[in-house]
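Listed below are the residues making up each chain.
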Amino acid sequence: MLDRRGPVGGLLRQWRQRRRLSQLDLACDAGISTRHLSFVETGRAHPSREMLLHLSEQLDVPVRERNVLLVAAGYAPIFPERPLTDPALTAARSAIDLVLERQKPYPAALDRQWRVVASNAALPELYEGVAADLLEPPLNAMRLSLHPQGLAPRIVNLAEWRAHLLYRLRRQVELTADRALIDLLNEVSAYPAPADRCGKTPDVEHEIAVPFRIKTSAGVLSFFSMTTVFGTPVDVMLSELALELFFPADDETASAVQRLAASARVAN
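I will try to describe carefully the structure that is included in this document. Computed from a predicted model, the values in this text were never measured in an experiment. Note that residues are indexed from 1 along each chain, following the sequence as it is written. Selection of residues for local features in this predicted model requires a pLDDT of at least 70, selection of side-chain atom pairs for listing and counting requires 80 or more, and totals for whole chains, interfaces and linings are taken over all residues. To obtain the side-chain values, all non-hydrogen atoms of the structure were used and water was disregarded.

**Describing the overall build of the protein chain**
Just so we agree on the cut-off: Only runs of H or I of at least four residues qualify as helices and only runs of E of at least two qualify as strands under DSSP, and these elements are numbered from the N terminus. The criterion used for residue contact is that any of the two residues' heavy atoms lie within 4.5 Å. Reported accessibility uses the Shrake-Rupley method at a 1.4 Å probe radius. Residues are deemed covered only where the shown protein chains occlude them.
A count of helices and strands for the protein chain gives eleven helices and five strands. Sequence-distant contacts, at least 24 apart, represent 61% of the contacts inside the protein chain between residues at least 6 apart. Working note: accessible area of the protein chain is about 14200 Å², and carbon and sulfur atoms make up 56% of it.

Next up, the structure:
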């Protein structure tokens with residue numbers, strides 16, 4: 001856990017240690033002396049705002065946490081956090097909506113800390129039998145996937161998919177030290193796991209990525225996912241958003257999804 005209550009030097013030291021860097025490593029990367037970095041970490045020297053931002057960049061500190069560092073050093077935070085409805089994010093929201101619209105009929109969702117904040121509402125067949133409370137906003141994609149009353153009972157390769165999701169979540173925790181993600185990891189890790197805890201070893205000769213295979217009324221559908229993020233965001237909200245885009249992993253799934261989408265258009 002990252003202790004955000006300490007002085008700025010201590011916070012920088014925690015981030016350096018999380019990145020498994022020595023003072024010499026970071027000093028060389030940042031182009032400063034080891035002596036000066038040591039003085040900053042111990043509080044003998046007070047870093048300028050520019051130095052803090054430079055060190056944050058070298059340490060790949062999340063944008064939200066860069067504000068924490070600035071405040072700890074006595075500076076005002078410079079990275080705004082605006083909702084997607086804010087007029088300043090109109091261009092970004094338009095880009096998100098365009099991607100989601102073009103992604104139909106394949107399922108796609110925008111998440112922040114695995115919470116869905118935008119979706120194209122495609123393929124309702126995926127959510128058949130899911131407990132109503134799991135579909136209430138704010139819908140959490142990780143919880144929806146692994147909860148025993150969610151998608152988990154119908155995921156054909158649950159051990160493999162569960163291991164993949166938990167790896168991604170642990171990686172996020174390691175990179176961000178986000179308390180909400182730590183709580184989420186503890187929660188979903190406690191959900192009942194399939195007997196094959198290690199998961200099926202992917203057939204690398206035939207697979208291009210870890211597949212998501214799920215039973216539906218249209219048969220077993222198989223997808224692989226791609227994650228899209230904003231480049232060089234300076235808004236906290238945008239820095240934490242990711243578009244989870246799913247694509248058919250085989251011809252049978254592509255055909256089934258097209259049939260389902262055509263039926264939905266006729267019904268509407």
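So much for the structure itself; the text now carries on.
**A closer look at helix α8 (residues 158–176)**
What counts here: An expected span of 1.5 Å times one less than the residue number is assigned to each helix.
The terminal C-alpha atoms of α8, which comprises 19 residues, lie 26 Å apart, in line with the 27 Å expected from a rise of 1.5 Å per residue. Immediately downstream of α8, the backbone of Ala-177 shows phi near 55°, a positive value.

**Notes on the packing of helix α1 (residues 8–18) against helix α5 (residues 63–72)**
So the rule is basically this: Fitting a line to C-alpha atoms yields each axis, with helices limited to the stretch in contact; the angle taken between N-to-C directions then spans 0 to 180 degrees. Geometric relationships in this document are graded by angle, where less than 35 degrees denotes roughly parallel, more than 145 denotes roughly antiparallel, 65 to 115 denotes roughly perpendicular, and other angles denote oblique. When residues are grouped by polarity, Ala, Val, Leu, Ile, Met, Phe, Trp, Tyr, Cys and Pro land in nonpolar, Asp, Glu, Lys and Arg in charged, and all others, Gly among them, in polar.
Packing of α1 against α5 brings their axes to within 8 Å, and their N-to-C directions diverge by 150°. Looking at the two axes, α1 sits roughly antiparallel to α5. Contact with α1, carried on its side by Val-8, Leu-11, Leu-12 and Trp-15, involves Glu-65, Val-68, Leu-69 and Ala-72 of α5 and no other residues of that element. Counted by class, the contact of α1 with α5 contains seven nonpolar, no polar and one charged residues.

**Focus: the pairing of strand β3 (residues 212–216)**
Applied cut-off: Only protein chains enter the accessibility calculation, which uses a 1.4 Å probe; a residue whose area is less than 20% of its type maximum is buried, one above 50% is exposed, and one in between is partly exposed. Here, any two strands with at least 2 DSSP bridges between them count as paired.
Burial along β3 is one-sided: Phe-212, Ile-214 and Thr-216 are buried, while Arg-213 and Lys-215, pointing the other way, are not. Of the pairings in the sheet, the one linking β3 to strand β4 (residues 219–229) comprises five bridges and is antiparallel in character. Residue Ile-214 lies in a different strand from β4, and its bridge partner there is Leu-221. Counting the residues that bridge the hairpin from β3 to β4 gives two residues.

**Examining the packing of aromatic side chains**
The description of an aromatic ring pair rests on the distance of the ring centres and on the angle between the ring planes. Here is the rule we go by: Each pair of aromatic rings taken from Phe, Tyr and Trp, with Trp reduced to its six-membered ring, is defined by centres within 6.5 Å and is described as stacked if the planes are under 30 degrees apart, edge-to-face if over 60, and tilted in the remaining cases.
Counted according to the given criterion, the structure contains four aromatic pairs. Taking 5.9 Å as the distance between ring centres and 65° as the angle between the ring planes, the aromatic pair formed by Phe-212 and Phe-246 counts as edge-to-face. Remark: Phe-246 occurs in strand β5 (residues 241–248) and Phe-212 occurs in strand β3; sequence separation between them is 34 residues. For Phe-212, a relative accessible area of 6% gives the class buried.

**Quick look at the environment of Arg-82**
How we decide: Each polar contact in these results corresponds to two N or O atoms within 3.5 Å; when the atoms are within protein, one needs to be able to donate a hydrogen and the other to accept it, and residues that are neighboring in sequence are counted only if both atoms are side-chain atoms.
Its location among the elements puts Arg-82 in the loop between α5 and α6 (90–103). With relative accessibility at 26%, the residue Arg-82 sits in the partly exposed group. Put simply, Arg-82 and Met-237 are 155 residues apart on the chain and 6.2 Å apart in space, counted from C-alpha to C-alpha. If we ignore the near neighbours within four places in the chain, the residues touching Arg-82 are Ala-88, Leu-89, Asp-235 and Met-237. At 2.8 Å, the side chain of Arg-82 forms a polar contact with the side chain of Asp-235.

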